[in-house]
Amino acid sequence: MTLLRIDAIDVHHGLLRAITGFSVAVDEGEVVSVIGANGAGKSTLMRAVAGSIPVSSGRVEVNGDDVTRLRAHQRIARGVALVPEGRKLFPSLTLEENLLTGAYRRRPGPWDLDTVYDMFGWMPDRRNQNSRLLSGGEQQAVAIGRALMSNPDILLIDELSLGLAPIVVKQIYASFQQIVVNGCAILFVEQDVSQALAIADEVVCLLEGRTMLAGRPADLDPSDVESAYFGATTGGH
Amino acid sequence: MTAPRLELRDLSKRFGSVIVADGLSLTVPPNQALGIVGPNGAGKSTLFAMISGELNPDRGTVLLDGVDVTRHRADVRAAHGIGRTFQIPRPFEGMTVFENVLVYATAAAGLRKAEAYRLAAATLERCGLGDVANRPAGALGLLNRKRLEVARALGSNPQLLLLDEVAGGLTDPEVALLVDLVNGLKAEGLTVVWIEHVVHALLASVDRLACLAGGRLVADGDPDDVLKDPSVRDLYLGHAGVLEEDLQ
(Lines give C-alpha, C1' and ligand atoms only; values in the text may rest on other atoms or scores of the structure.)
Protein backbone atom coordinates (compact mmCIF):
# COMPACT_ATOMS: atom_id res chain seq x y z
CA MET A 1 0.00 0.00 0.00
CA THR A 2 1.31 3.45 -0.90
CA LEU A 3 1.43 5.68 2.20
CA LEU A 4 2.91 8.77 0.57
CA ARG A 5 2.52 9.77 -3.05
CA ILE A 6 4.12 12.97 -4.28
CA ASP A 7 3.08 13.83 -7.80
CA ALA A 8 4.96 16.42 -9.87
CA ILE A 9 5.30 19.09 -7.18
CA ASP A 10 6.94 22.45 -7.71
CA VAL A 11 8.04 24.50 -4.71
CA HIS A 12 9.09 28.15 -4.88
CA HIS A 13 10.96 30.42 -2.51
CA GLY A 14 9.68 33.73 -3.81
CA LEU A 15 10.69 33.85 -7.46
CA LEU A 16 13.20 31.02 -7.09
CA ARG A 17 11.96 27.57 -8.05
CA ALA A 18 13.57 25.24 -5.48
CA ILE A 19 11.82 22.00 -6.51
CA THR A 20 10.73 21.14 -10.04
CA GLY A 21 8.31 18.34 -10.87
CA PHE A 22 9.31 16.03 -8.03
CA SER A 23 7.48 12.71 -7.79
CA VAL A 24 7.92 9.69 -5.55
CA ALA A 25 5.75 6.95 -4.06
CA VAL A 26 6.65 5.53 -0.66
CA ASP A 27 5.00 2.26 0.31
CA GLU A 28 4.24 0.86 3.73
CA GLY A 29 7.39 -0.54 5.34
CA GLU A 30 9.65 1.24 2.87
CA VAL A 31 12.69 3.40 3.65
CA VAL A 32 13.49 6.01 1.00
CA SER A 33 16.50 8.31 1.13
CA VAL A 34 16.81 11.68 -0.57
CA ILE A 35 20.40 12.54 -1.36
CA GLY A 36 21.97 15.51 -3.07
CA ALA A 37 24.52 18.25 -2.63
CA ASN A 38 23.84 21.28 -0.43
CA GLY A 39 21.36 23.57 -2.13
CA ALA A 40 19.79 20.69 -4.08
CA GLY A 41 16.40 21.29 -2.44
CA LYS A 42 16.29 18.37 0.02
CA SER A 43 15.20 20.35 3.08
CA THR A 44 12.70 22.31 0.98
CA LEU A 45 11.21 19.03 -0.19
CA MET A 46 10.88 17.71 3.37
CA ARG A 47 9.24 20.91 4.57
CA ALA A 48 6.83 20.90 1.62
CA VAL A 49 5.78 17.32 2.38
CA ALA A 50 5.30 18.22 6.06
CA GLY A 51 3.21 21.25 5.09
CA SER A 52 5.58 23.85 6.55
CA ILE A 53 5.82 25.54 3.15
CA PRO A 54 3.24 25.42 0.32
CA VAL A 55 3.71 23.68 -3.00
CA SER A 56 3.11 25.84 -6.08
CA SER A 57 1.72 22.98 -8.14
CA GLY A 58 1.37 19.22 -8.06
CA ARG A 59 -0.19 16.98 -5.46
CA VAL A 60 0.73 15.33 -2.14
CA GLU A 61 -1.29 12.30 -1.02
CA VAL A 62 -1.13 10.55 2.32
CA ASN A 63 -2.90 7.21 2.63
CA GLY A 64 -4.68 8.00 -0.62
CA ASP A 65 -6.04 11.35 0.62
CA ASP A 66 -5.08 14.63 -1.01
CA VAL A 67 -3.31 16.71 1.67
CA THR A 68 -1.78 19.25 -0.71
CA ARG A 69 -3.69 22.18 0.78
CA LEU A 70 -3.61 21.01 4.39
CA ARG A 71 -1.45 22.87 6.87
CA ALA A 72 1.34 21.26 8.87
CA HIS A 73 -0.70 20.54 12.01
CA GLN A 74 -3.46 18.98 9.90
CA ARG A 75 -0.92 16.74 8.18
CA ILE A 76 0.36 15.55 11.56
CA ALA A 77 -3.16 14.34 12.31
CA ARG A 78 -3.07 12.49 8.97
CA GLY A 79 0.16 10.74 9.99
CA VAL A 80 3.04 12.92 8.78
CA ALA A 81 5.83 13.87 11.22
CA LEU A 82 9.00 15.83 10.46
CA VAL A 83 12.33 15.83 12.28
CA PRO A 84 13.44 19.26 11.10
CA GLU A 85 16.94 20.35 10.20
CA GLY A 86 18.46 22.12 13.20
CA ARG A 87 16.48 20.14 15.86
CA LYS A 88 14.22 23.04 16.83
CA LEU A 89 13.36 21.90 20.34
CA PHE A 90 11.52 24.19 22.74
CA PRO A 91 14.43 25.51 24.83
CA SER A 92 12.32 26.41 27.86
CA LEU A 93 10.90 22.89 28.16
CA THR A 94 12.46 19.78 29.63
CA LEU A 95 13.48 16.78 27.57
CA GLU A 96 10.26 14.94 28.48
CA GLU A 97 8.06 17.98 27.87
CA ASN A 98 9.59 18.27 24.40
CA LEU A 99 8.76 14.63 23.72
CA LEU A 100 5.20 15.20 24.93
CA THR A 101 4.71 18.08 22.50
CA GLY A 102 5.02 15.40 19.81
CA ALA A 103 2.06 13.59 21.36
CA TYR A 104 -0.22 16.63 21.18
CA ARG A 105 -1.92 15.12 18.14
CA ARG A 106 -1.00 11.58 19.01
CA ARG A 107 -2.44 8.84 16.84
CA PRO A 108 -2.89 5.23 17.97
CA GLY A 109 0.32 3.23 17.72
CA PRO A 110 3.32 1.77 19.48
CA TRP A 111 5.23 4.96 20.25
CA ASP A 112 4.94 6.56 23.66
CA LEU A 113 7.38 7.76 26.30
CA ASP A 114 8.26 4.19 27.29
CA THR A 115 9.10 3.02 23.77
CA VAL A 116 11.07 6.18 22.98
CA TYR A 117 12.98 5.76 26.25
CA ASP A 118 13.67 2.13 25.31
CA MET A 119 15.15 3.30 22.05
CA PHE A 120 17.32 6.04 23.61
CA GLY A 121 18.46 4.47 26.87
CA TRP A 122 20.16 7.63 28.17
CA MET A 123 16.97 9.70 28.15
CA PRO A 124 15.06 8.51 31.26
CA ASP A 125 17.80 9.75 33.61
CA ARG A 126 17.72 13.15 31.92
CA ARG A 127 13.96 13.46 31.44
CA ASN A 128 13.63 16.51 33.70
CA GLN A 129 16.63 18.35 32.31
CA ASN A 130 15.99 21.57 30.43
CA SER A 131 16.51 20.86 26.74
CA ARG A 132 18.83 23.82 26.24
CA LEU A 133 21.31 22.03 28.50
CA LEU A 134 21.40 19.00 26.20
CA SER A 135 24.26 18.64 23.77
CA GLY A 136 23.60 19.14 20.06
CA GLY A 137 23.51 15.41 19.36
CA GLU A 138 21.25 14.75 22.33
CA GLN A 139 18.87 17.39 21.02
CA GLN A 140 18.82 15.64 17.64
CA ALA A 141 17.84 12.38 19.34
CA VAL A 142 15.03 14.16 21.25
CA ALA A 143 13.79 15.66 17.96
CA ILE A 144 13.57 12.14 16.48
CA GLY A 145 11.78 10.85 19.61
CA ARG A 146 9.36 13.79 19.49
CA ALA A 147 8.41 12.97 15.90
CA LEU A 148 7.84 9.31 16.77
CA MET A 149 5.54 10.30 19.66
CA SER A 150 2.78 11.23 17.18
CA ASN A 151 2.88 7.65 15.81
CA PRO A 152 3.34 8.77 12.23
CA ASP A 153 2.65 6.70 9.16
CA ILE A 154 5.29 8.72 7.37
CA LEU A 155 8.37 9.81 9.25
CA LEU A 156 10.37 12.56 7.54
CA ILE A 157 13.91 13.06 8.82
CA ASP A 158 16.03 15.94 7.56
CA GLU A 159 19.79 15.41 7.96
CA LEU A 160 19.52 12.38 10.19
CA SER A 161 23.15 11.98 11.18
CA LEU A 162 24.01 15.65 11.72
CA GLY A 163 25.69 16.07 15.09
CA LEU A 164 25.31 12.45 16.09
CA ALA A 165 28.14 10.14 17.14
CA PRO A 166 28.66 7.21 14.73
CA ILE A 167 27.41 4.72 17.30
CA VAL A 168 24.12 6.63 17.66
CA VAL A 169 23.68 6.89 13.90
CA LYS A 170 24.08 3.12 13.72
CA GLN A 171 21.56 2.62 16.50
CA ILE A 172 19.01 4.85 14.78
CA TYR A 173 19.47 3.14 11.43
CA ALA A 174 19.16 -0.21 13.19
CA SER A 175 15.87 1.00 14.68
CA PHE A 176 14.43 1.76 11.23
CA GLN A 177 13.28 -1.85 10.90
CA GLN A 178 11.55 -1.54 14.27
CA ILE A 179 9.86 1.68 13.09
CA VAL A 180 8.66 0.44 9.71
CA VAL A 181 7.57 -2.98 10.91
CA ASN A 182 4.54 -1.30 12.45
CA GLY A 183 3.34 -0.14 9.07
CA CYS A 184 5.24 3.14 8.96
CA ALA A 185 7.40 4.45 6.10
CA ILE A 186 10.46 6.66 6.30
CA LEU A 187 11.65 9.38 3.94
CA PHE A 188 14.99 10.73 5.09
CA VAL A 189 17.69 13.10 3.95
CA GLU A 190 21.24 11.85 4.39
CA GLN A 191 24.41 13.64 3.39
CA ASP A 192 26.47 10.46 3.67
CA VAL A 193 25.76 8.76 0.34
CA SER A 194 27.30 5.39 1.25
CA GLN A 195 25.15 5.31 4.39
CA ALA A 196 22.02 6.14 2.36
CA LEU A 197 22.79 3.43 -0.20
CA ALA A 198 23.35 0.89 2.57
CA ILE A 199 20.15 1.65 4.48
CA ALA A 200 17.48 2.69 2.00
CA ASP A 201 15.16 0.53 -0.10
CA GLU A 202 15.14 3.32 -2.64
CA VAL A 203 17.32 6.36 -3.21
CA VAL A 204 16.30 9.59 -4.95
CA CYS A 205 19.05 11.99 -5.97
CA LEU A 206 18.22 15.68 -6.31
CA LEU A 207 20.27 18.26 -8.14
CA GLU A 208 19.11 21.87 -8.27
CA GLY A 209 15.58 20.83 -7.37
CA ARG A 210 15.19 18.13 -10.02
CA THR A 211 15.35 14.36 -9.70
CA MET A 212 18.51 13.24 -11.45
CA LEU A 213 18.38 9.58 -10.51
CA ALA A 214 16.10 7.24 -8.58
CA GLY A 215 16.11 3.54 -7.92
CA ARG A 216 16.95 0.68 -5.64
CA PRO A 217 20.59 0.89 -4.45
CA ALA A 218 21.46 -2.50 -5.93
CA ASP A 219 20.32 -1.33 -9.36
CA LEU A 220 22.31 1.92 -9.33
CA ASP A 221 25.74 2.31 -10.84
CA PRO A 222 28.06 4.21 -8.43
CA SER A 223 29.36 6.42 -11.25
CA ASP A 224 25.78 7.33 -12.19
CA VAL A 225 25.12 8.22 -8.54
CA GLU A 226 28.19 10.42 -8.48
CA SER A 227 27.21 12.18 -11.71
CA ALA A 228 23.67 12.70 -10.48
CA TYR A 229 24.88 13.95 -7.10
CA PHE A 230 27.34 16.53 -8.30
CA GLY A 231 26.21 17.15 -11.84
CA ALA A 232 27.93 15.50 -14.79
CA THR A 233 30.16 18.48 -15.54
CA THR A 234 31.64 18.91 -12.06
CA GLY A 235 32.79 15.36 -11.56
CA GLY A 236 32.48 15.59 -7.82
CA HIS A 237 34.56 18.69 -7.13
CA MET B 1 60.96 26.19 27.31
CA THR B 2 57.90 27.30 25.32
CA ALA B 3 54.64 27.12 27.27
CA PRO B 4 51.90 24.99 25.75
CA ARG B 5 49.49 26.99 23.64
CA LEU B 6 46.65 25.55 25.72
CA GLU B 7 46.75 23.78 29.04
CA LEU B 8 43.76 22.55 31.00
CA ARG B 9 44.36 21.47 34.58
CA ASP B 10 41.82 19.37 36.43
CA LEU B 11 38.75 21.02 34.88
CA SER B 12 35.42 20.01 36.39
CA LYS B 13 31.92 21.10 35.52
CA ARG B 14 28.47 19.73 36.20
CA PHE B 15 24.94 20.74 35.25
CA GLY B 16 22.88 19.49 38.17
CA SER B 17 23.55 15.77 38.32
CA VAL B 18 25.13 15.66 34.85
CA ILE B 19 28.91 15.70 34.91
CA VAL B 20 30.33 17.24 31.73
CA ALA B 21 33.96 17.65 32.85
CA ASP B 22 35.45 15.41 35.49
CA GLY B 23 38.97 16.42 36.46
CA LEU B 24 39.96 16.94 32.83
CA SER B 25 43.59 17.75 32.07
CA LEU B 26 44.93 18.34 28.56
CA THR B 27 47.94 20.03 26.99
CA VAL B 28 48.14 21.25 23.40
CA PRO B 29 51.55 22.49 22.17
CA PRO B 30 51.84 25.30 19.63
CA ASN B 31 51.04 24.38 16.01
CA GLN B 32 49.46 21.07 16.88
CA ALA B 33 46.10 20.03 15.43
CA LEU B 34 44.16 18.03 18.00
CA GLY B 35 40.91 16.27 17.07
CA ILE B 36 38.32 15.49 19.70
CA VAL B 37 35.64 12.85 19.27
CA GLY B 38 33.21 11.43 21.76
CA PRO B 39 29.64 10.30 22.28
CA ASN B 40 26.80 12.83 22.32
CA GLY B 41 26.73 14.57 25.67
CA ALA B 42 30.38 13.70 26.39
CA GLY B 43 31.08 17.32 27.22
CA LYS B 44 32.88 18.31 24.02
CA SER B 45 31.13 21.60 23.30
CA THR B 46 31.09 22.41 27.03
CA LEU B 47 34.85 21.98 26.97
CA PHE B 48 35.07 24.60 24.22
CA ALA B 49 32.78 26.90 26.20
CA MET B 50 35.12 26.62 29.20
CA ILE B 51 38.20 27.26 27.05
CA SER B 52 36.68 30.26 25.29
CA GLY B 53 35.18 31.72 28.45
CA GLU B 54 31.44 31.41 27.85
CA LEU B 55 31.23 29.05 30.82
CA ASN B 56 33.25 29.01 33.98
CA PRO B 57 34.44 25.63 35.26
CA ASP B 58 33.38 24.64 38.79
CA ARG B 59 37.02 23.78 39.44
CA GLY B 60 40.31 23.77 37.58
CA THR B 61 42.47 26.07 35.49
CA VAL B 62 42.65 27.17 31.85
CA LEU B 63 46.06 28.45 30.71
CA LEU B 64 46.76 30.06 27.39
CA ASP B 65 50.47 30.41 26.56
CA GLY B 66 51.17 29.85 30.24
CA VAL B 67 48.82 32.63 31.35
CA ASP B 68 45.95 31.69 33.67
CA VAL B 69 42.80 32.95 31.90
CA THR B 70 40.30 30.95 33.97
CA ARG B 71 38.55 34.00 35.36
CA HIS B 72 38.81 36.08 32.22
CA ARG B 73 35.67 36.90 30.27
CA ALA B 74 35.16 35.53 26.75
CA ASP B 75 36.02 38.85 25.09
CA VAL B 76 39.27 39.09 27.05
CA ARG B 77 40.19 35.55 26.03
CA ALA B 78 39.38 36.38 22.40
CA ALA B 79 41.81 39.28 22.67
CA HIS B 80 44.32 36.80 24.15
CA GLY B 81 44.12 34.77 20.95
CA ILE B 82 41.28 32.26 21.21
CA GLY B 83 38.89 32.03 18.25
CA ARG B 84 36.00 29.59 18.11
CA THR B 85 33.22 28.43 15.82
CA PHE B 86 29.78 27.15 16.78
CA GLN B 87 27.94 24.00 15.67
CA ILE B 88 25.08 25.91 14.07
CA PRO B 89 26.43 28.96 12.23
CA ARG B 90 24.52 32.09 13.18
CA PRO B 91 26.10 34.94 11.22
CA PHE B 92 24.67 38.44 11.25
CA GLU B 93 22.40 37.59 8.34
CA GLY B 94 21.62 41.14 7.24
CA MET B 95 25.29 42.15 7.14
CA THR B 96 27.58 41.32 4.26
CA VAL B 97 30.12 38.53 4.56
CA PHE B 98 32.87 41.16 4.79
CA GLU B 99 31.06 43.07 7.54
CA ASN B 100 30.59 39.86 9.52
CA VAL B 101 34.35 39.33 9.65
CA LEU B 102 35.01 43.03 10.21
CA VAL B 103 32.97 42.86 13.43
CA TYR B 104 35.43 40.32 14.80
CA ALA B 105 38.49 42.17 13.52
CA THR B 106 37.40 45.32 15.36
CA ALA B 107 35.56 44.06 18.43
CA ALA B 108 37.60 40.90 19.15
CA ALA B 109 41.03 41.58 17.65
CA GLY B 110 40.78 45.26 18.63
CA LEU B 111 42.12 46.55 15.31
CA ARG B 112 41.50 50.05 13.96
CA LYS B 113 39.89 50.85 10.65
CA ALA B 114 42.54 50.23 7.97
CA GLU B 115 44.14 47.31 9.82
CA ALA B 116 40.76 45.74 10.51
CA TYR B 117 39.77 46.11 6.85
CA ARG B 118 43.04 44.49 5.75
CA LEU B 119 42.62 41.58 8.17
CA ALA B 120 38.98 41.02 7.17
CA ALA B 121 39.81 41.09 3.44
CA ALA B 122 42.79 38.75 3.87
CA THR B 123 40.73 36.37 6.00
CA LEU B 124 37.99 36.16 3.40
CA GLU B 125 40.53 35.33 0.69
CA ARG B 126 42.13 32.73 2.96
CA CYS B 127 38.73 31.10 3.50
CA GLY B 128 37.68 31.13 -0.15
CA LEU B 129 35.01 33.78 0.42
CA GLY B 130 36.53 36.60 -1.63
CA ASP B 131 33.94 36.27 -4.39
CA VAL B 132 30.99 36.56 -2.01
CA ALA B 133 32.43 39.27 0.27
CA ASN B 134 29.66 41.74 -0.54
CA ARG B 135 26.75 39.32 -0.36
CA PRO B 136 24.46 39.28 2.66
CA ALA B 137 25.52 36.43 4.96
CA GLY B 138 21.92 35.21 5.04
CA ALA B 139 22.12 34.35 1.34
CA LEU B 140 25.02 31.91 1.70
CA GLY B 141 24.74 28.15 1.18
CA LEU B 142 25.92 25.74 3.85
CA LEU B 143 29.56 25.38 2.75
CA ASN B 144 30.06 29.14 2.62
CA ARG B 145 28.24 29.53 5.94
CA LYS B 146 30.71 27.09 7.46
CA ARG B 147 33.59 28.94 5.83
CA LEU B 148 32.23 32.21 7.20
CA GLU B 149 32.02 30.64 10.65
CA VAL B 150 35.75 29.85 10.39
CA ALA B 151 36.46 33.30 8.91
CA ARG B 152 34.70 35.04 11.79
CA ALA B 153 36.79 33.07 14.28
CA LEU B 154 39.92 33.98 12.31
CA GLY B 155 38.82 37.61 12.32
CA SER B 156 39.77 37.75 15.97
CA ASN B 157 43.35 36.99 14.86
CA PRO B 158 43.67 33.90 17.07
CA GLN B 159 46.64 31.76 17.95
CA LEU B 160 44.30 28.96 19.01
CA LEU B 161 41.36 28.03 16.77
CA LEU B 162 38.53 25.93 18.21
CA LEU B 163 36.39 24.26 15.53
CA ASP B 164 33.08 22.76 16.64
CA GLU B 165 31.65 20.32 14.05
CA VAL B 166 32.37 22.53 11.05
CA ALA B 167 32.19 19.54 8.67
CA GLY B 168 28.68 18.49 9.76
CA GLY B 169 26.14 18.49 6.93
CA LEU B 170 28.72 18.93 4.17
CA THR B 171 29.19 16.63 1.19
CA ASP B 172 32.46 14.75 0.88
CA PRO B 173 33.99 17.16 -1.68
CA GLU B 174 32.94 20.08 0.54
CA VAL B 175 34.55 18.37 3.52
CA ALA B 176 37.73 18.03 1.44
CA LEU B 177 37.71 21.79 0.78
CA LEU B 178 37.29 22.48 4.48
CA VAL B 179 40.12 20.08 5.35
CA ASP B 180 42.34 21.94 2.86
CA LEU B 181 41.47 25.19 4.62
CA VAL B 182 42.26 23.80 8.08
CA ASN B 183 45.50 22.23 6.85
CA GLY B 184 46.48 25.57 5.35
CA LEU B 185 45.86 27.33 8.67
CA LYS B 186 47.91 24.73 10.46
CA ALA B 187 50.75 25.24 7.97
CA GLU B 188 50.65 28.95 8.80
CA GLY B 189 51.35 28.12 12.44
CA LEU B 190 47.91 28.11 14.00
CA THR B 191 47.07 25.68 16.79
CA VAL B 192 43.80 23.90 16.11
CA VAL B 193 41.44 21.92 18.33
CA TRP B 194 38.68 20.34 16.25
CA ILE B 195 35.58 18.60 17.58
CA GLU B 196 34.05 16.53 14.81
CA HIS B 197 31.86 13.50 14.13
CA VAL B 198 33.03 13.32 10.50
CA VAL B 199 35.95 11.13 11.46
CA HIS B 200 37.53 10.99 8.00
CA ALA B 201 37.84 14.79 8.05
CA LEU B 202 39.81 14.58 11.30
CA LEU B 203 42.00 11.79 9.98
CA ALA B 204 42.93 13.99 7.00
CA SER B 205 43.96 16.85 9.23
CA VAL B 206 44.87 16.23 12.86
CA ASP B 207 48.19 15.18 14.39
CA ARG B 208 46.58 13.77 17.48
CA LEU B 209 43.14 12.49 18.47
CA ALA B 210 41.44 12.40 21.87
CA CYS B 211 38.19 10.73 22.81
CA LEU B 212 36.07 12.34 25.51
CA ALA B 213 33.30 10.50 27.35
CA GLY B 214 31.51 11.40 30.56
CA GLY B 215 33.72 14.45 30.96
CA ARG B 216 36.94 12.40 30.94
CA LEU B 217 39.53 11.52 28.33
CA VAL B 218 39.25 7.83 27.55
CA ALA B 219 41.95 7.86 24.86
CA ASP B 220 44.51 10.34 23.59
CA GLY B 221 47.30 9.86 21.05
CA ASP B 222 47.97 8.84 17.47
CA PRO B 223 44.64 9.07 15.56
CA ASP B 224 44.74 5.53 14.15
CA ASP B 225 45.64 4.06 17.54
CA VAL B 226 42.82 5.97 19.25
CA LEU B 227 40.27 4.71 16.72
CA LYS B 228 41.47 1.14 17.31
CA ASP B 229 41.13 1.53 21.08
CA PRO B 230 38.41 -0.90 22.27
CA SER B 231 36.91 1.65 24.66
CA VAL B 232 36.58 4.18 21.80
CA ARG B 233 34.88 1.55 19.65
CA ASP B 234 32.49 0.71 22.50
CA LEU B 235 31.65 4.28 23.43
CA TYR B 236 31.81 6.14 20.17
CA LEU B 237 32.16 4.17 16.97
CA GLY B 238 30.13 1.08 17.70
CA HIS B 239 31.45 -2.23 16.48
CA ALA B 240 31.18 -3.89 13.08
CA GLY B 241 32.10 -1.88 10.08
CA VAL B 242 32.58 1.67 11.27
CA LEU B 243 36.23 1.42 12.19
CA GLU B 244 37.20 -0.22 8.94
CA GLU B 245 35.27 2.39 6.93
CA ASP B 246 36.79 5.25 8.86
CA LEU B 247 40.32 4.00 8.55
CA GLN B 248 40.07 3.56 4.78
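The rules behind each value
Residues numbered from 1 in each chain as written. Chains lettered and ligands numbered in written order. Predicted model: local features only at pLDDT ≥ 70, side-chain atom pairs only at ≥ 80, totals over all residues. Helix = DSSP H or I, 4+ residues; strand = E, 2+ residues; numbered from the N terminus. Rg over C-alpha atoms; globule rule 2.2 N^0.38 Å. Buried ≥ 20, exposed ≤ 12 C-beta atoms within 10 Å, placed from the backbone. Contact = placed C-beta atoms within 7 Å. Domains from an automatic or database assignment. Nonpolar A, V, L, I, M, F, W, Y, C, P; charged D, E, K, R; others polar. Pairing = 2+ DSSP bridges. Axes fitted to C-alpha atoms, helices over the stretch in contact; angles between N-to-C directions. Parallel < 35°, antiparallel > 145°, perpendicular 65-115°, else oblique. Left-handed = near helix turned anticlockwise from the far one by under 90°.

1. A word on the overall build of chain B
- What chain B contains, in helices and strands, is ten helices and ten strands.
- Scaling as 2.2 N^0.38, a compact globule of 248 residues should have a C-alpha radius of gyration of about 18 Å, and chain B matches this with 18 Å.
- With the principal axes as the frame, chain B shows a C-alpha extent of 50 × 40 × 40 Å.
- Taken across its 248 residues, chain B has 50% of its residues classed as buried.
- When contacts within chain B are restricted to residue pairs at least 6 apart in sequence, long-range pairs at least 24 apart make up 65% of them.

2. Considerations on the domain arrangement of chain B
Residue and element names in this part refer to chain B.
- In terms of domain boundaries, chain B breaks down into domain 1 (1-81 + 158-224) and domain 2 (93-146).
- Summarising the inter-unit geometry, the C-alpha centres of domain 1 and domain 2 are found 24 Å apart.
- Counting residues at the interface gives nine residues for domain 1, matched by seven residues for domain 2.
- Listed by contribution, the elements that provide at least two residues to the side of domain 1 that touches domain 2 are α2 (74-80) and α6 (172-187).
- A per-class count over the side of domain 1 that touches domain 2 returns six nonpolar, one polar and two charged.

3. Quick look at the interface of chain B and chain A
- Listed as interface residues are 25 residues of chain B and, on the opposing side, 24 residues of chain A.
- Elements that contribute at least two residues to the side of chain B that touches chain A include exactly α5 (142-154), α6 and α9 (230-237) of chain B.
- When its residues are assigned to classes, the side of chain B that touches chain A shows twelve nonpolar, eleven polar and two charged.

4. Things to note about the pairing of strand β2 (residues 16-27) of chain A
Residue and element names in this part refer to chain A.
- In the sheet, strand β1 (residues 2-13) pairs with β2 via eight bridges, with the strands oriented antiparallel. Bridge pairing in β2 links Thr2 to Asp27.
- Linking β1 to β2, which pair antiparallel, is a turn of two residues; within it Gly14 sits at a positive phi near 60°.

5. Looking at the sheet that holds strand β8 (residues 191-195) of chain B
Residues and elements named next belong to chain B.
- Across the sheet, which stays open at both edges, the six strands sit in the order β6-β7-β8-β3-β9-β10 with mixed pairing between neighbours. Looking at the sheet topology across the chains shown, the edges are occupied by β6 (82-84) and β10 (216-221). Each strand of the sheet is rotated relative to its neighbour by a mean of 20°, with strand direction disregarded.
- When strand β9 (residues 208-213) meets β10, the two strands line up antiparallel, connected through five bridges. What sits directly across from Cys211, in β10, is Ala219.
- Against the sheet, α6 engages β3 (33-37), β7 (160-164) and β8, with an angle of about 150° to β8.
- Taken strand by strand, α9 contacts β3, β9 and β10, and its axis lies near 125° from that of β10.

6. Structural notes on the packing of helix α3 (residues 97-108) of chain B against helix α4 (residues 113-126) of chain B
Residues and elements named next belong to chain B.
- At a minimum axis distance of 9 Å, the contact between α3 and α4 shows a crossing angle of 125°. Judged by the inter-axis angle, α3 sits oblique to α4. In this structure, the crossing between α3 and α4 has a hand that is right-handed. Residue-level contacts link Val97, Phe98, Val101, Leu102, Ala105 and Thr106 of α3 to Ala116, Tyr117, Leu119, Ala120, Thr123 and Leu124 of α4.
- The residue inventory of the contact of α3 with α4, partitioned by class, reads ten nonpolar, two polar and no charged.

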